[in-house]
Amino acid sequence: MSKNAISIRLLDSSALDFSLDFAPEELRDASRRFLDRLPLTAESDRVLTHGDFGIHNVLLTDKGEVTVLDWEWAEWADPRMDVAWCCWSMLFITRTFLAR
C-alpha cells in the first residue's frame, strides 16, 4: 500500500505528496483545502474502492454493459474517494484540453 493511499484514508493532507508535475498548482492547493475540511470516516464506513475511477477506466459494450478496468489501486477506503478522484481527474482533463 502506498504512502499516499494511507494518508488519504486518514485525511491528513500534510502527509500527502502534492508535487504532481502534471497538475496545476491551483488544483493541488484546492485539493489540499478540500481534504482538510473532510471529517474522518469511521473504519466501519469503508468500502472497496477502485482508486482510479474515471471515464478512462470504463468500457461500454455494444449491448450497453459497463465494465470497470484497472483495479490495481483498489483498497478499502472512504467511498467518497472514488467520487473525488473522478471529479478531480475530470476537472484536470477539462482544464488541460480546453486551455489549448
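Residues numbered from 1 in each chain as written. Predicted model: local features only at pLDDT ≥ 70, side-chain atom pairs only at ≥ 80, totals over all residues. Heavy atoms only, no water.

Caption draft 1: Region of interest: the pattern of salt bridges. If you walk through the whole model with that rule in mind, you get one salt bridge. Here Asp 78 makes a salt bridge to Arg 80, at a shortest N to O gap of 2.6 Å. Relative accessible area serves as the criterion here: at 37%, Arg 80 is assigned to the partly exposed category. (Salt bridge = Lys/Arg side-chain N within 4 Å of Asp/Glu carboxyl O. Buried < 20%, exposed > 50% of the residue type's maximum accessible area, 1.4 Å probe, protein only.)

Caption draft 2: The arrangement of the packing of helix α2 (residues 25–37) against helix α3 (residues 80–98) in detail. As a packed pair, α2 and α3 sit with axes 11 Å apart at the nearest point and diverge in direction by 160 degrees. Taken together, the axis directions place α2 and α3 in an arrangement best described as roughly antiparallel. The element α2 and its partner α3 pack so that their crossing is right-handed. On α3, the residues touching Glu 26, Leu 27 and Ser 31 of α2 are Trp 88, Leu 91, Phe 92 and Arg 95. Split by residue class, the contact of α2 with α3 holds four nonpolar, one polar and two charged. (Axes fitted to C-alpha atoms, helices over the stretch in contact; angles between N-to-C directions. Helix = DSSP H or I, 4+ residues; strand = E, 2+ residues; numbered from the N terminus. Parallel < 35°, antiparallel > 145°, perpendicular 65-115°, else oblique. Left-handed = near helix turned anticlockwise from the far one by under 90°. Contact = heavy atoms within 4.5 Å. Nonpolar A, V, L, I, M, F, W, Y, C, P; charged D, E, K, R; others polar.)

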